[in-house]
Amino acid sequence: MASDQSSTIKAIVKAFDSDRSRLMDIAQKVQDELGYLSEETMETIAEALGIPLVEVRDMASFYAFFNLEEKRENVVRLCNAVVEKMKDMDSVGRAFEKAAGCAFGETSPDGSIRLEYTPCIGMSDQAPSALINDIPVTSICPEDVPRIIKDLKAGKKYSRANVSSAGAEVDKNLIKAGSVIFSPMEKGSAIRKALNMSPEDVINVINQSRLRGRGGAGFPTGMKWNFCRKTKGDAHYVICNADEGEPGTFKDRVILTECPDLLFEGMTIAGYAIGAQEGFIYLRGEYLYLFETLQKELERRRHLGLLGKNIAGRSGFDFDIRIQVGAGAYVCGEESSLIESLEGKRGAPRDRPPYPVTDGYMHQPSSVNNVETFCAAARVMEKGAGWFSKIGTKDSTGTKLLSISGDCAHPGVYEIEYGECIADLLEMAGAKDVQAVQVGGPSGTCVAPKDFGRTICFEDLPTGGSFMIFGKDRDLLDIVHQFAEFFVEESCGWCVPCRVGTTLLKQKLEKIMAGNGSSLDLKELEDLGNTVKLMSRCGLGQTAANPILTTLQNFPKLYSRLVKGDDFVPPFDYEKALAPGIEMAGRQPVVEEEV
Ligand SMILES: Cc1cc2nc3c(=O)[nH]c(=O)nc-3n(C[C@H](O)[C@H](O)[C@H](O)COP(=O)(O)O)c2cc1C
Ligand code: SF4
């Protein structure tokens, strides 16, 4: 390795205090400088940090946004999520291939443009969209593409070096603001109220509000904070989950754009309640364009005495927040994977228990909460538990942000009170002739029109925020297949039921879709789905079969019209079956002659 490159790497490692837990940031910075992470580069990083090379390789090979193969000048990552495909992503993809002169998964002949597909980037309300050198570009038409490629080749625009929200083309699309998250609040007013109480009383107020986590599972927030506070440790940590990787979800993006201050207020209150001095925001890599704006907002709060030492004049209450940027892995939204990633490792889920409240970041008690949960907690402190608990339903108090996308006139973010029914939401979003609604993303439930009276709440249809609408002309089984593919791609591969099971589910579905399935295959599909659900190690595998299982239940005709009777034997195409093996081996099979 050239000595100037080696010095660059060593300087970067030094800038991060040779801290092993900052390995993700170090690798990202090195990649920005040198274009990719070669074997030699990783060796130099490992040496400078004093860790084995395998730890650097292990981490870097896990994340989609680290590039280990070749220097890349410009990377176009076209989002191929379900809603993007519904909005004619394919035409945009073809236009990119034509303009760049290469297919997706390849680099242009002059080496200047790399084309890749990427799962949901949190822009389903303005599809088709892409990350171009990490900057989101939305509502792309095929006609825009030649200009984009020309600009890139001229080195004009979309450079990671000057990433900022100002450079990104993202609409906020806040369609309906409600009374909790998107109503104005005076900076610091909730913190001051909290500081007038003991940390235990703050937790009591959150408990009385009956606030439940907005990340999907709905765990009571006060109870989580209480477990964390009560666990002894060298330090306690507040962690904000801003990974927002569930396809079709983009509501945290709008909070981070419109009211990041409310989030910081909620995190600081959590810090006071659980006894933490440090908080982290795990920001998905796809939202890197928000990083600078969020940093400025944090700095502003430090100047106002709302972060840092002796917050709001309270002697001894010190708390600050650091933003950790992710690198493109859906599983890192799962809280234990997120913590591993925050420690600078690959994002493999941990065994649970122990839960993060007792054994979290650096094995210390940590509370992981969703962006929206922290915001709601701040409003509870400001306006009181009584005010909050009157909104919504008995077991689901407050409001919920929905990211509505797909076949409707007004895609965007809606703040609704818990308890609203699907039919009303569809009317609000201007959706007609709806075949199905996917509530809670691929891992949620596919709801049929007969159930549009069902309501959004923990008692009935819980959701982290994704609400995708499919019109009557959509091929629903094709959508289920895309979800199945998504889980195959995103499985971290650690446990067999998920690693193998997701692929078997996809293959079985393909067999049925091709007309080669019998009613026995349907039964096997369901059994396999239930096994993957039951036996997988983390929430990803435990929900990966949901697109299949919920459509089998709610749309049985989708499947039954395709399958034959029990005694059906599908045709077997010997050459087709052998083709992948031949390609892999690079030779024809040896056929032994009969003696
Ligand atoms: C595969 C997977 C992805 C997840 N993604 C997210 C996410 O993007 N944001 C989030 O808040 N929670 C996500 N969760 C849930 C988190 O593990 C965790 O329950 C949540 O952050 C807790 O916050 P809450 O109590 O405020 O809901 C995910 C879970 C799984 C299994
Ligand atoms: S369930 Fe899937 S994502 Fe979770 S640990 Fe197992 S392989 Fe990894």
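Along each chain, residue indices are assigned from 1 in the same order as the chain's sequence is written. Whichever chain is written first is A, and whichever ligand is written first is 1; the rest continue in order. Local features are withheld for residues below a pLDDT of 70 in this predicted model, meaning they are given only at 70 or higher, and side-chain atom pairs are given and counted only at 80 or more; totals for whole chains, interfaces and linings count all residues. Working from all heavy atoms in the structure, the side-chain values ignore hydrogens and water.

1. Here we look at the sheet that holds strand β10 (residues 399-406)
Right, on to step 1. Two strands form a pair only when DSSP identifies at least two bridges running between them. Secondary structure elements are taken from DSSP: a helix is a run of H or I of four residues or more, a strand is a run of E of two residues or more, and numbering for both begins at the N terminus. Pairing within the open sheet is mixed, and its six strands lie in the order β5-β11-β10-β14-β12-β13. The sheet terminates laterally at β5 (174-176) and β13 (445-447), the two strands that pair on one side only. Each strand of the sheet is rotated relative to its neighbour by a mean of 30°, with strand direction disregarded.
Right, on to step 2. In terms of strand pairing, strand β12 (residues 434-439) meets β13 through three bridges, oriented antiparallel. Here the axes come from fitting lines to C-alpha atoms, over the contacting stretch only for helices, and the angles between their N-to-C directions go from 0 to 180 degrees.

2. Things to note about the site of ligand 1
Right, on to step 1. Lining the immediate environment of ligand 1, one finds 18 residues, of which G215, K224, E244, N370 and T373 sit closest.
Right, on to step 2. Within the side chain of N241, a nitrogen or oxygen atom sits 3.0 Å from an oxygen atom of ligand 1.
Right, on to step 3. Under this definition, polar contacts are N or O atom pairs within 3.5 Å; protein pairs additionally need one hydrogen-donor-capable and one acceptor-capable atom, and for neighbouring residues in sequence, both atoms have to be side-chain atoms. The separation between an oxygen atom of ligand 1 and a polar side-chain atom of T373 is 2.7 Å.
Right, on to step 4. Using a 1.4 Å probe, the Shrake-Rupley method yields the accessible areas, and only the shown protein chains count as cover for residues. Look at ligand 1: alone it shows 610 Å² of surface, and the protein chains cover 88% of it.
Right, on to step 5. Of all the secondary-structure elements, those providing two or more residues to the shell around ligand 1 are β9 (366-370) and α21 (539-543).
Right, on to step 6. In terms of residue count, β9 provides more of the shell around ligand 1 than any other element does, three residues in total.
Right, on to step 7. Residues were grouped as follows: Ala, Val, Leu, Ile, Met, Phe, Trp, Tyr, Cys and Pro as nonpolar; Asp, Glu, Lys and Arg as charged; and all remaining residues, including Gly, as polar. Residues that form the shell around ligand 1 fall into these classes: three nonpolar, nine polar and six charged. Near is defined per residue: the residue qualifies when any heavy atom it owns lies within 4 Å of the molecule or strand.

3. Observations concerning the side chain of T44
Right, on to step 1. If you trace the backbone, T44 turns up in helix α3 (residues 39-49).
Right, on to step 2. Relative accessible area decides the class of each residue, using a 1.4 Å probe on protein chains only: under 20% of the type maximum gives buried, over 50% gives exposed, and in between gives partly exposed. Look at T44 and you get buried, because its relative accessible area is 11%.
Right, on to step 3. Polar side-chain contacts of T44 include one of 2.9 Å to the backbone oxygen of E40.
Right, on to step 4. Beyond its immediate sequence surroundings of up to four residues, T44 is in contact with M1, S6 and I9. Here, two residues are considered to be in contact whenever any of their heavy atoms come within 4.5 Å of each other.

4. Concerning helix α12 (residues 260-274)
Right, on to step 1. With 15 residues, α12 ought to run about 21 Å at 1.5 Å a step, and its terminal C-alpha atoms sit 21 Å apart, in line with that.
Right, on to step 2. With 15 of 15 residues buried, α12 lies mostly within the body of the structure.
Right, on to step 3. Looking one or two places after α12, you find G275, whose phi comes out positive at around 85°. What a helix is expected to span follows from its residue count: subtract one and scale by 1.5 Å.

5. Regarding the domain arrangement of the protein
Right, on to step 1. Note that the domain bounds were set by an automatic or database domain assignment. The domains assigned to the protein are domain 1 (3-62), domain 2 (74-171), domain 3 (175-389), domain 4 (402-474) and domain 5 (489-595).
Right, on to step 2. Distance from the C-alpha centre of domain 2 to the C-alpha centre of domain 4: 28 Å.
Right, on to step 3. At the junction of the two partners, domain 2 supplies six residues and domain 4 supplies nine residues.
Right, on to step 4. Here the quantity called buried area is the total loss of accessible area, with a 1.4 Å probe, experienced by two parts when brought into contact, counted for both. Summing both partners gives a buried area of about 550 Å² for domain 2 against domain 4, and 69% of it is carried by carbon and sulfur.
Right, on to step 5. Three residues, V83, M86 and D125, lead the burial of domain 2 against domain 4; their summed loss comes to 72% of the area buried on that side.
Right, on to step 6. Take a side-chain nitrogen of Lys or Arg and a carboxyl oxygen of Asp or Glu: if they are within 4 Å of each other, that pair is a salt bridge. Inspection of the region where domain 2 meets domain 4 yields zero salt bridges.

6. Focus on the pattern of salt bridges
Right, on to step 1. Following the criterion strictly, the structure yields 48 salt bridges and no others.
Right, on to step 2. In this structure, D521 engages K508 in a salt bridge whose closest nitrogen and oxygen atoms are separated by 2.8 Å. Taken together, the residues span a long stretch of sequence, with D521 in helix α20 (residues 519-535) and K508 in helix α19 (residues 496-513) at a distance of 13 residues. As far as burial versus exposure is concerned, D521 and K508 are alike and both buried.

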